Amino acid sequence: MRQIPLALLAPPVHNFDNFMPGANAEALHYLNSLTPGDPPVLLWGPTGSGKTHLLRALAERWQAAGLRAAWYDATTPLPWELPAHESLLLLDDCQSFDAGQQHAAFALFVASAGQGYTVVATADAPAVALELREDLRTRLGWGPSFQLEPLGEPEMRAALRREADRRGLLLGDEVLSYLLTRFERNLKGLMALLERLDDFALSSKRALTLPLLRQMLADEKTESKP
């Protein structure tokens, strides 16, 4: 019987310093220079390209400077209220908003216009291709738009090794290559897999090896069967 590990390790901090830019250096540079009252920004790209990481990093940067940040996504319950003071308004995964959330997001744009607020949004496609109400699509397309691309293999390897080091794990080349060749190269998904592997190694009191990874995957497959 494996022991259940305690969740003693703090979750990774999302900031600009630990964001691997890859082909997304232009977006990173622009967000670093963003100031209150700037035009709305749209970051778009596939899952795992770093959109949510950049939003969280931006919120961390502004809050560290004494500014406010308000977060809205598909899990944020309605009503969505505009903060009382000038703030950074973050709209994550806009393509997932239902009709009520789309109305609320548009209302935030209208209420914040010209008041010193800054809106930064993310989506899986450019504004013109989003299946959203027309007035919201128009607002999302008003300002600068940056397409984010997933990391290449060298950056992906570096990101996984860095997270493994943070966890105190020895991530060997054999395990790393297996992860990158047998699974979709989606950094968010691979980070989640690495977290499960860390827990499994700890509960099994075994080193992180390829046989251990295969055992964990086999156990998960067995547990998922009805």
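Provided above is the structure to which this section pertains.
Since the model is a prediction, treat every value here as computed from it, not as a measurement.

A. Molecular detail of the nonpolar core. If you look at the biggest cluster of nonpolar residues, it comprises 24 residues, and the most contacted ones within it are Met156, Leu160, Leu171, Val175, Leu197 and Leu213. Taken together, the elements giving at least two residues each to this core come down to helix H5 (153-166), helix H6 (173-182), helix H7 (187-204) and helix H8 (210-224). A per-element tally of this core places H7 first, with seven residues. The residues contacting Met156, other than those within four sequence positions of it, are Leu151, Leu180, Arg185, Asn186, Leu187 and Leu190. Formed by 23 residues, the second largest nonpolar core is a distinct cluster that contains Ala70, Trp80, Ala105 and Ala127.

B. Quick peek at the packing of H5 against H7. At a minimum axis distance of 11 Å, the contact between H5 and H7 shows a crossing angle of 30 degrees. Relative to H7, the element H5 lies roughly parallel. Handedness of the crossing formed by H5 with H7: right-handed. On H7, the residues that touch Met156, Ala159, Leu160, Glu163 and Ala164 of H5 are Leu187, Leu190, Met191 and Leu194. For the contact of H5 with H7, a count of residues per class yields eight nonpolar, no polar and one charged.

C. Examining unusual backbone geometry more closely. Backbone torsion omega between Leu78 and Pro79 reads 0 degrees, so that peptide bond is classified as cis. With respect to the secondary-structure elements, Pro79 resides in the loop between strand S2 (68-72) and strand S3 (87-91). The backbone phi angle of Asp93 is positive, close to 55 degrees, even though this residue is not glycine. Residue class for Asp93 comes out partly exposed when judged on its relative accessible area of 26%.

D. Geometry of the side chain of Asp198. Counting through the fold element by element, Asp198 comes out in helix H7. Asp198 gets classed as buried once you look at its relative accessible area, which sits at 12%. Aside from chain neighbours lying at most four places away, what touches Asp198 is Arg167 and Leu169.

Rules and cut-offs
- Residues numbered from 1 in each chain as written.
- Predicted model: local features only at pLDDT ≥ 70, side-chain atom pairs only at ≥ 80, totals over all residues.
- Heavy atoms only, no water.
- Core = buried A, V, L, I, M, F, W, Y, C linked by side-chain atoms within 4.5 Å.
- Buried < 20%, exposed > 50% of the residue type's maximum accessible area, 1.4 Å probe, protein only.
- Helix = DSSP H or I, 4+ residues; strand = E, 2+ residues; numbered from the N terminus.
- Contact = heavy atoms within 4.5 Å.
- Axes fitted to C-alpha atoms, helices over the stretch in contact; angles between N-to-C directions.
- Parallel < 35°, antiparallel > 145°, perpendicular 65-115°, else oblique.
- Left-handed = near helix turned anticlockwise from the far one by under 90°.
- Nonpolar A, V, L, I, M, F, W, Y, C, P; charged D, E, K, R; others polar.

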